[in-house]
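Each chain, written out:
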Amino acid sequence: MGHHHHGHSHGHDHGHGHSHAHAPESFNLAFALAVGLNLAFTVTEAVYAIFANSMSLLADAGHNLGDVLGLLLAWGASWLLTRATTEKYSYGFKRPTILAAIANALLLLMTSAIIVYGSIEKLVYPHVVNEKIVIVVAAIGIFINGATALMFMSGRKHDLNIKAAFMHLAADALISLGVVIAGIVILYTGWMWLDPVVGLLIVVAILMGTWGLLRDSIDLIMDAVPHWVDQDGVRGYLTTIAGVEKVHDLHIWGMSTQAAALTAHLVMPRSQLEDADYKRIRHDLKEKFRIEHVTLQVEKGSDEHPCEQVC
């Protein structure tokens, strides 16, 4: 029975989900190329950075690493969101996207710490940097990031993941451009301190991106109310439903980086909710507050059997 059910649900998903499963499909090649090219380049860039004794180039590699991880995350998310739910995994497979986001953020924090340490050391003890290597390698970075960004150009209007991929790659191209310019300046002026300073500036850029990612993903793991949901608005809306006197045990949490669920108890002493009411409430919550799953428990609010979960 269980097996049959799974087969059925999967076939059903394919039948009706074809239109939305189609969009990420066309970006599979773009993701594969972007991840492959950028990963190969990031490793090469890190090796040359150590060889050239350059902190700015190493920081650029760190920033690129962050975006390779981000691309893998977006790619994985767009695939997982098309998977059908099963009996055991009734919410589908959306949570791993949040776990991966946390792992991604922590890895970037470690990378940043290493670069900060190196940059401060090189500010204290000035060093000779091979700027010609820095200029050439960072210039290749502009080209690779720019070219892969263009592959995501078309889909950035429709899909949040694709938009993020495009923005990250474009930002990378700009940072690599900054490294090239700094390299040319050092070549002509001999200001060796500029190299670790640029390294530290790039770390600031990495941390700004990572902080938001870490904060949002930890909120989602903690089942906090997602940042895109207006909690007071939801409570206000539920209170205005005809016949509702009180609302308690209201919970709103994120099932993925896009969808939220809600449960609440409504105290309705004199009336009940009909199917038409449920349909309207569900529609309103989805349209106004981006809440996909709604479960409501209606109570009479009697004195002899009060609700244990009033909070």
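All values reported here derive from a predicted model rather than from experimental measurement.

S.K.: Looking at this model, I keep getting lost on the sheet that holds strand E2 (residues 260-267). Mind explaining?
M.R.: In a beta sheet, neighbouring strands are held together by backbone hydrogen bonds and run either parallel or antiparallel to one another. A sheet is described by the order of its strands in space; here 3 strands give the open sequence E1-E2-E3, paired in mixed fashion. Each end of this open sheet is capped by a strand with a single partner; those strands are strand E1 (246-254) and strand E3 (291-299). Strand-to-strand twist across the sheet, computed as the mean angle between neighbouring axes with direction ignored, equals 10°. Pairing between E1 and E2: 7 bridges, direction antiparallel. Opposite His248, over in E2, you have His265 as the bridge partner. Its contacts with the sheet place helix H9 (residues 231-239) against E1, E2 and E3, and it is angled at close to 140° to E1.

S.K.: Where do I start with the nonpolar core in this structure?
M.R.: When a protein is soluble and globular, its nonpolar side chains tend to lie buried together. With 26 residues, the main nonpolar core has Leu57, Val134, Val179, Val198 and Ile202 as its most contacted residues. Sequence-distant contacts of Leu57, that is, excluding residues within four places in its chain, are made with Glu45, Tyr48, Ala49, Val134, Val137, Ala138 and Val179. By size, the runner-up hydrophobic cluster in this structure holds 21 residues, among which are Val234, Ile241, Ile252 and Ile291.

S.K.: I tried to follow the pattern of salt bridges on my own but got confused; where do I start?
M.R.: Any two side chains of opposite charge can pair, on the condition that their charged atoms come close. The tally for this structure, following the rule as stated, stands at 4 salt bridges. Between Asp216 and Arg215 there is a salt bridge, with the nearest N and O atoms lying 3.7 Å from each other. Look at Arg215 and you get partly exposed, because its relative accessible area is 45%. In this structure, the salt-bridge partner of Lys286 is Glu292, at a minimum N-O distance of 3.5 Å. Taking relative accessible area as the criterion, Lys286 reaches 35% and is therefore assigned partly exposed. When its relative accessible area of 29% is taken as the criterion, Glu292 is described as partly exposed.

S.K.: Looking at this structure, how should I read helix H10 (residues 275-289)?
M.R.: It helps to recall that an α-helix has 3.6 residues per turn; residues three or four apart then point in one direction. For H10, with 15 residues, the first-to-last C-alpha span of 21 Å sits near the 21 Å given by 1.5 Å per residue. Residues of H10 that are buried: Ile281, Asp284, Leu285 and Phe289. All buried residues of H10 lie within an arc of 95° about the axis, which places them on one face of the element. Looking at H10, the residues exposed on the side facing more than 90 degrees away from the buried face are Asp275, Ala276, Lys279 and Glu287.

S.K.: For this particular structure, what's the right way to read the environment of Thr44?
M.R.: Assignment of secondary structure puts Thr44 in helix H3 (residues 28-52). Of the residues examined, Thr44 reaches a relative accessible area of 38% and is grouped as partly exposed. Sequence separation of Thr44 and Val137 is 93 residues, and the distance between their C-alpha atoms is 8.7 Å. Here Ala40 takes part through its backbone oxygen, which lies 2.7 Å from a polar atom of the side chain of Thr44.

S.K.: Can you help me understand the side chain of Ser176 in this one?
M.R.: Within the fold, Ser176 resides in helix H7 (residues 160-189). Owing to a relative accessible area of 0%, Ser176 belongs among the buried residues under this scheme. Discounting residues that sit within four places of it in the chain, Ser176 has contacts with Asp60, Ala138, Gly141, Ile142 and Asn145.

S.K.: What is the right way to read the packing of helix H5 (residues 95-124) against helix H8 (residues 194-221) from this model?
M.R.: Each pair of packed helices can be summarised by the angle the axes make with each other and by the distance between the axes. Viewed as axis vectors pointing N to C, H5 and H8 meet at an angle of 155°, and their least axial separation amounts to 8 Å. Classified by the interaxial angle, the pair formed by H5 and H8 is roughly antiparallel. In terms of crossing hand, the pair formed by H5 and H8 is left-handed. Here the contact of H5 with H8 is built from residues that sort into 22 nonpolar, 6 polar and 2 charged.

S.K.: When you look at the pairing of E2 in this model, what are you seeing that I'm missing?
M.R.: A regular strand places its side chains so that they alternate between the two faces of the sheet. Of all 8 residues that make up E2, 7 are buried, and the element is covered over most of its length. The pairing of E2 with E3 spans 8 bridges and is classified as parallel. Looking at the pairing, Ala260 lines up with Ile291 of E3. After leaving E2, the chain enters H10 and then returns to the sheet as E3, a path that is right-handed.

S.K.: Where do I start with the confidence of the model for the chain in this structure?
M.R.: Caution is warranted with low-pLDDT regions, since their predicted coordinates should not be read in detail. Across the chain, pLDDT averages 85, with 89% of residues at or above 70. Long-range and interchain partners of residues 6-25, a stretch whose pLDDT sits below 50, account for 10 contacts in this model, where long-range means more than four residues apart.

S.K.: Please explain a nonpolar patch on the surface as it appears in this structure.
M.R.: Judged by side-chain polarity, Ile120, Leu123, Val124, Tyr125, Trp191 and Trp193 come together as a nonpolar surface patch covering roughly 660 Å² of accessible area. You can see Val124 is positioned in helix H5.

S.K.: What should I look at first to understand unusual backbone geometry in this one?
M.R.: Most peptide bonds are trans, and most residues other than glycine sit at a negative phi. Here Asp223, not a glycine, exhibits a phi torsion of approximately 55°, which is positive. Following the sequence through the fold, Asp223 ends up in the loop between H8 and H9. Even without a glycine there, the phi angle at Asp249 is positive, about 50°. Relative to the helices and strands, Asp249 is located in strand E1. Accessibility expressed as a relative area gives 9% for Asp249, which makes it buried.

Here is what the cut-offs are and how they apply
Residues numbered from 1 in each chain as written. Predicted model: local features only at pLDDT ≥ 70, side-chain atom pairs only at ≥ 80, totals over all residues. Heavy atoms only, no water. Pairing = 2+ DSSP bridges. Helix = DSSP H or I, 4+ residues; strand = E, 2+ residues; numbered from the N terminus. Axes fitted to C-alpha atoms, helices over the stretch in contact; angles between N-to-C directions. Contact = heavy atoms within 4.5 Å. Core = buried A, V, L, I, M, F, W, Y, C linked by side-chain atoms within 4.5 Å. Buried < 20%, exposed > 50% of the residue type's maximum accessible area, 1.4 Å probe, protein only. Salt bridge = Lys/Arg side-chain N within 4 Å of Asp/Glu carboxyl O. Expected span 1.5 Å × (residues − 1). Arc of directions from axis to C-beta. Polar contact = N/O pair within 3.5 Å; in protein donor to acceptor, adjacent residues only side chain to side chain. Parallel < 35°, antiparallel > 145°, perpendicular 65-115°, else oblique. Left-handed = near helix turned anticlockwise from the far one by under 90°. Nonpolar A, V, L, I, M, F, W, Y, C, P; charged D, E, K, R; others polar. Right-handed = clockwise from strand over helix to strand, strands pointing away. pLDDT = per-residue confidence, 0-100. Patch = residues over 30% accessible without salt bridge, like charges linked within 9 Å, V, L, I, M, F, W, Y side chains within 5 Å. Areas by Shrake-Rupley, 256 points an atom, 1.4 Å probe, with all protein chains shown as cover.

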